[in-house]
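# Summary of structural features
What follows is the residue order along each chain.
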Amino acid sequence: YALNRQDLRLRMLNDKAHTVAYLAGFHLANVVRTLGVLERTQIDLGATNLIVDLGCGSGALAQAVAFHVAKRKHLNGLAVHLWDQSKTLREVASTLLNKQFADLPVTAHADNLGRWPAVIPQLVADAKPKSIIVTLGYFYNEVSAQGRKSIDQLLEQLRKVDIPVTVIMIESAQQAMSRA
């Protein structure tokens, strides 16, 4: 998996037969890794009622965040929105979240990431959440410069919203992004 990582989604993740290998190789490790970070940093996510998982893959980060929130409060009012171009991965992520949290509303989206700066702020305005968590996983590292620009625009728009926004990213490729 470490070689030609940029081709991973194209080669493997478009059919369910190969998804099991992905889940064993990445999903479980990413759930544990994210839970570890959340526990060590002791970020208070108790008011969170909207998780936006961008480039969700198998939904590992959304699953870890939902678990972390569930430990501190009931999931009443929490909603998860997943974005990924792979239909297979959107289905896997939705299924895993629904199996772990039966009453958790999960919505999967296929919108092109160039549309995110327009679509997601509208979703936030409509949902009127108390707090938002945006997860990026490795996704920020895997998209083109134009894709990163769209994500940066989205995050800048979300910073202007009058509610707390927490961004969780695994292995940021840019030090400035890690510090923001």
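This section reports on the structure supplied with the text. (Residues numbered from 1 in each chain as written. Predicted model: local features only at pLDDT ≥ 70, side-chain atom pairs only at ≥ 80, totals over all residues. Heavy atoms only, no water.)

### Concerning the packing of helix 5 (residues 116-127) against helix 7 (residues 145-159)
The geometry of helix 5 relative to helix 7 is characterised by a closest axis approach of 9 Å and an angle of 30 degrees between their N-to-C directions. Taken together, the axes of helix 5 and helix 7 are roughly parallel relative to one another. As helix 5 packs across helix 7, the resulting crossing turns out to be right-handed. From helix 5, Trp-116, Pro-117, Ile-120, Pro-121 and Val-124 reach across to helix 7, where they touch Ser-150, Ile-151, Gln-153, Leu-154, Gln-157 and Leu-158. Class assignment of the residues belonging to the contact of helix 5 with helix 7 gives a composition of eight nonpolar, three polar and no charged. (Axes fitted to C-alpha atoms, helices over the stretch in contact; angles between N-to-C directions. Helix = DSSP H or I, 4+ residues; strand = E, 2+ residues; numbered from the N terminus. Parallel < 35°, antiparallel > 145°, perpendicular 65-115°, else oblique. Left-handed = near helix turned anticlockwise from the far one by under 90°. Contact = heavy atoms within 4.5 Å. Nonpolar A, V, L, I, M, F, W, Y, C, P; charged D, E, K, R; others polar.)

### What about the side chain of Ser-94?
Looking at the secondary structure, you find Ser-94 in helix 4 (residues 87-100). Under the relative-accessibility criterion, Ser-94 is labelled buried at 15%. Here Ser-94 is in contact with Leu-82, Val-106 and Ala-108, once residues within four sequence places are set aside. (Buried < 20%, exposed > 50% of the residue type's maximum accessible area, 1.4 Å probe, protein only.)

### Considering the environment of Ile-133
With respect to the secondary-structure elements, Ile-133 resides in strand 4 (residues 132-137). Once the C-alpha coordinates of Ile-133 and Leu-45 are considered, the two residues, 88 residues apart in sequence, prove to be 8.4 Å apart. Aside from chain neighbours lying at most four places away, what touches Ile-133 is Leu-45, Thr-48, Leu-50, Ile-51, Val-52, Val-65, Thr-166 and Ile-168.

### Considerations on helix 3 (residues 60-72)
In a regular helix each residue adds 1.5 Å, so 13 residues correspond to 18 Å; helix 3 covers 19 Å between its end C-alpha atoms and thus fits that length. Turning to helix 3, its buried residues number three or more, namely Ala-60, Leu-61, Ala-62, Gln-63, Ala-64, Val-65, Ala-66, His-68 and Val-69. (Expected span 1.5 Å × (residues − 1).)

### Quick notes on helix 7
An ideal rise of 1.5 Å per residue puts 21 Å on 15 residues; helix 7 measures up with 21 Å between its terminal C-alpha atoms. Buried within helix 7 are the following residues: Gly-147, Ser-150, Ile-151, Leu-154, Leu-155 and Leu-158. One side of helix 7 holds all its buried residues, which, seen down the axis, span an arc of 135 degrees. Relative to its buried face, helix 7 has exposed residues pointing more than 90 degrees away, namely Ala-145, Gln-146 and Arg-159. (Arc of directions from axis to C-beta.)

### With respect to the nonpolar core
Membership of the largest hydrophobic core comes to 24 residues, with the highest contact counts inside it found for Ile-51, Val-65, Val-80, Leu-82, Leu-97 and Leu-104. Counting residues per element, the ones that place at least two in this core are helix 2 (16-41), helix 3, strand 2 (79-83) and helix 4. The leading source of residues in this core is helix 3, at seven residues. Setting aside chain neighbours within four positions, we find Val-65 in contact with Leu-38, Leu-45, Ile-51, Ile-133, Thr-135 and Ile-168. (Core = buried A, V, L, I, M, F, W, Y, C linked by side-chain atoms within 4.5 Å.)

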